[in-house]
Amino acid sequence: MIPLGKSPLRLALFDCDGTLVDSQFAIIDAMTRAWAEHGLGEPDPADVRRMVGLSLVEAVALLLPQREAELHVAVAESYKRAFSSARSRGEVDEPLFPGILDTLVALEEAGVLLGVATGKSRRGLDSVLKGHGLTGRFVTLQTADVGPGKPNPHMVQRALAETGAEEAATVVIGDTTYDIQMARNARVRSVGVSWGYHAVPELERAGANRIVHRGRDVATAVLELLEG
């Protein structure tokens, strides 16, 4: 790693679903509709939550490991249509977790750049940010539309290239082991959050450098890692 002092740029790279916003109900509903379209019955909601953060086709493949790749792709497309249709009807509710806005403000005031690395599509992420008045707050947006998804380090590497931040000056914030593993693979540090879709012991075993339990405490944990 390059020593922190050699770069004035610092980057906090947030996951979206389960970290910034609570989207589990919308995701489970869209996946249930997608399964129904293909006569697959109903997925287990707990299994669906565990896959949040992965690229969509990969998530479907893990939910349906005995089925063919063509079906995985077809179900993923059905999911996209179901989610888009629900959003157009105003039925998608993805609230910010408490304290997240305070954390974003605190990091901005400390001069830290903000970014997102998510398994969402770019269209889905743009909709979330617009809905919460956050458009323009994040200087780099990495989505599942381009390149491999988590835990591959690709999204972190693209964010570093776009912002000019170094590995030692970057922290990933996420709620799943996929986020923590992505951070480790990219040689950056990470903060695990306890309010998302993977349990704290899993985040700790995956190698999270910090665990936080309140949204407003994320900024403190990130700054401690960046300044430590």
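Residues numbered from 1 in each chain as written. Predicted model: local features only at pLDDT ≥ 70, side-chain atom pairs only at ≥ 80, totals over all residues. Heavy atoms only, no water.

Under the annotation held in an unreviewed UniProt entry, the protein carries the name HAD-IA family hydrolase and is attributed to Azospirillum lipoferum.

1. Thoughts on the packing of helix H3 (residues 56-63) against helix H4 (residues 69-88)
Packing of H3 against H4 brings their axes to within 9 Å, and their N-to-C directions diverge by 120 degrees. Taken together, the axis directions place H3 and H4 in an arrangement best described as oblique. Considering only the axes of H3 and H4, their crossing is right-handed. On H4, the residues touching Leu56, Val57, Val60 and Ala61 of H3 are His72, Val73, Val75, Ala76, Tyr79 and Lys80. (Axes fitted to C-alpha atoms, helices over the stretch in contact; angles between N-to-C directions. Helix = DSSP H or I, 4+ residues; strand = E, 2+ residues; numbered from the N terminus. Parallel < 35°, antiparallel > 145°, perpendicular 65-115°, else oblique. Left-handed = near helix turned anticlockwise from the far one by under 90°. Contact = heavy atoms within 4.5 Å.)

2. Description of the sheet that holds strand E6 (residues 210-212)
For sheets, the rule is that strands pair by backbone hydrogen bonds, running either parallel or antiparallel. Read from one edge of the open sheet, six strands run E3-E2-E1-E4-E5-E6, paired in parallel fashion. The open sheet is flanked by strand E3 (140-142) and E6, the only strands paired with a single partner. Adjacent strand axes in the sheet meet at a mean angle of 20 degrees, parallel and antiparallel pairs treated alike. The pairing of strand E4 (residues 170-174) with strand E5 (residues 189-193) spans four bridges and is parallel. Paired with Gly174 across the strands is Gly192, a residue of E5. This element, helix H8 (residues 177-185), spans strand E2 (113-117), E4 and E5 of the sheet and lies at about 175 degrees to E5. (Pairing = 2+ DSSP bridges.)

3. Regarding the packing of aromatic side chains
Under the criterion given, the structure shown has two aromatic pairs. Aromatic side chains Phe97 and Trp195 sit 6.1 Å apart centroid to centroid with 45 degrees between the ring planes, which places their arrangement in the tilted category. Placement of Phe97 in the loop between H4 and helix H5 (100-109) and of Trp195 in the loop between E5 and helix H9 (200-206) is noted, with a sequence separation of 98 residues between them. Residue Phe97 shares its accessibility class with Trp195, and that shared class is buried. (Phe/Tyr/Trp six-rings, centres within 6.5 Å; stacked < 30°, edge-to-face > 60°. Buried < 20%, exposed > 50% of the residue type's maximum accessible area, 1.4 Å probe, protein only.)

4. Observations concerning unusual backbone geometry
A cis amide bond, omega 5 degrees, links Lys150 with the succeeding residue Pro151. Along the chain, Pro151 turns up in the loop between E3 and helix H7 (154-163). With a phi close to 65 degrees, Arg187 is a non-glycine residue in the positive phi region. Among the structural elements, Arg187 can be located in the loop between H8 and E5. Take Arg187: its relative accessible area is 46%, and that puts it in the partly exposed class.

5. Things to note about H5
When we look at burial in H5, the residues that qualify are Ile100, Thr103, Leu104 and Leu107. Axial view of H5: buried residues confined to an arc of 100 degrees, hence all on one face. Those residues of H5 that are exposed and aimed more than 90 degrees away from the buried face are Asp102 and Glu109. Elements that come into contact with the buried residues of H5 comprise strand E1 (11-14), E2 and helix H10 (218-227). Two residues or fewer after H5 comes Gly111, characterised by a positive phi angle close to 85 degrees. (Arc of directions from axis to C-beta.)

6. Points about the packing of helix H1 (residues 24-37) against H4
Any two packed helices are characterised by how steeply their axes cross, that is the angle between the axes, and by the distance between the axes. As a packed pair, H1 and H4 sit with axes 8 Å apart at the nearest point and diverge in direction by 125 degrees. On the basis of the axis angle, H1 is oblique to H4. Our pair here, H1 against H4, has a crossing hand that is right-handed. Contacts between H1 and H4 involve Ala26, Ile27, Ala30, Met31, Arg33, Ala34, Trp35 and Glu37 on the former and, on the latter, Val75, Ser78, Tyr79, Arg81, Ala82 and Phe83. Classifying every residue of the contact of H1 with H4 by side-chain character gives 10 nonpolar, one polar and three charged. (Nonpolar A, V, L, I, M, F, W, Y, C, P; charged D, E, K, R; others polar.)

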